[in-house]
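Take a look at the letters that make up each chain.
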Amino acid sequence: MVSGFHQVRFRRLTILLGKLRAGETLPFFVFWSRKWQRKHYALHISKMTFMAPRPTVVEGEVYPTKQGNVKVIKYYSALKVKIKFIDASGYITITRAELIRKGSVKNPYCKTICGVGYFGEGPYKCGAKNSREYALFRAMLSRCYDSKEQIKHPTYEGCSVDPRWHNFQNFAEDIRKMPNWDTLGFELDKDLRVLKNKIYGPKYCSFVPKEINKLVNRLNAKGFSRRRDTGKYRVFIGMRGVTESRGGFSSKKKAYRVYCLAKAKYIKEIAKEHKQNIHKEVYKTLIALSEGYHEKSKIKA
């Protein structure tokens, strides 16, 4: 039986052989021991020469992988092969011959997320360490480029993402500079710095409280409905996650006026309450919306 000491030597030798180029030889020593007179060992040394194995991939050849074809630029050893992806990215990296044969080499510029997003090269990963950033990144791309998501939420039809944010590294770097990006209860918003904007990007996005984000999604609400039993128009408004009734009125004009005044007051209160935690452009938009509802209350419904 080979002792642990010798097993370590053989493992190191195997790794060393893997680093050889084809045709190179390596002089090495084989160690073994023989028991002699109980606790005494005799050490014998033998010098031999090994031939490195032939390369399993060939320089200049193209090999298919799961993320595109690669061309072998330089073969140093089975553990060190320089390759280039034959696509728009032209990504060059060092990998192992085994991964090339299996087609498992990864391209950080391959658009694997909704056919648009890619991870890129940088410090940000999709693991637990950057789970918040990656969750936001994937959700944003799904809203804009996933047809199933747009069927569930038609308001996202026509939305897109700035090309800079197709790269997860750029996205993670930019949002980490935004206030409250990791604060519980804040959401990534695209259409409050610039009202009715449909592009996700660093120039348009900011983090806002969830109640403000929901407020914008309900801007087109009529705000009243007619009751069949009395014939009156009942006014209702969503405030802080609760739908409140503002009474019943005999005409649409009165109902719409009460709704607009209540909406204007609520938006202004929310804006002032969160003024210190939201982008200054978001605050200006909210105040403009409040004033807009005041003006609508003067128009005949």
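Use the structure listed above.
Residues numbered from 1 in each chain as written. Predicted model: local features only at pLDDT ≥ 70, side-chain atom pairs only at ≥ 80, totals over all residues. Heavy atoms only, no water.

Colleague: I'd love a proper account of the overall build of the chain, names of residues and values included.
Modeller: When you go through the chain residue by residue, the secondary structure sums to eight helices and 13 strands. Out of the 301 residues belonging to the chain, those deemed buried represent 36%. For the chain, contacts bridging at least 24 residues in sequence account for 45% of all contacts bridging at least 6. When the accessible surface of the chain is summed, it comes to about 19200 Å², and 53% of that surface belongs to carbon and sulfur atoms. (Helix = DSSP H or I, 4+ residues; strand = E, 2+ residues; numbered from the N terminus. Buried < 20%, exposed > 50% of the residue type's maximum accessible area, 1.4 Å probe, protein only. Contact = heavy atoms within 4.5 Å. Areas by Shrake-Rupley, 256 points an atom, 1.4 Å probe, with all protein chains shown as cover.)

Colleague: Account for the packing of aromatic side chains, with residues named and values stated.
Modeller: Within the structure shown, the criterion is met by 10 aromatic pairs. Taking 6.2 Å as the distance between ring centres and 80° as the angle between the ring planes, the aromatic pair formed by Phe119 and Phe168 counts as edge-to-face. With Phe119 in the loop between helix 2 (97-102) and helix 3 (131-145) and Phe168 in helix 5 (residues 168-175), this pair connects stretches of sequence that are 49 residues apart. Since its relative accessible area comes to 0%, Phe168 is described here as buried. The cationic tip of Lys80 hangs over the ring face of Tyr76; the distance from NZ or CZ to the ring centre is 4.7 Å. A cation over an aromatic ring shows up here: Lys296 above the ring of Tyr293, its NZ or CZ 4.9 Å from the ring centre. (Phe/Tyr/Trp six-rings, centres within 6.5 Å; stacked < 30°, edge-to-face > 60°. Lys NZ or Arg CZ within 6 Å of the ring centre and 35° of its normal.)

Colleague: So what's going on with the nonpolar core? Residues and values would help.
Modeller: A general trend in soluble globular proteins is that nonpolar side chains are found buried together. Among the nonpolar cores identified, the biggest contains 27 residues, and Leu192, Ile212 and Leu286 are the most heavily contacted of them. At the level of elements, helix 6 (210-217), strand 12 (233-239), helix 7 (252-273) and helix 8 (280-296) are the ones that each hand at least two residues to this core. The leading source of residues in this core is helix 7, at nine residues. If we skip the residues at most four places from it in the chain, Leu286 touches Leu192, Ile212, Leu215, Ile267, Ala271 and Ile278. In terms of nonpolar packing, the next biggest core, distinct from the first, is built from 24 residues, Phe137, Phe186, Leu188 and Phe207 among them. (Core = buried A, V, L, I, M, F, W, Y, C linked by side-chain atoms within 4.5 Å.)

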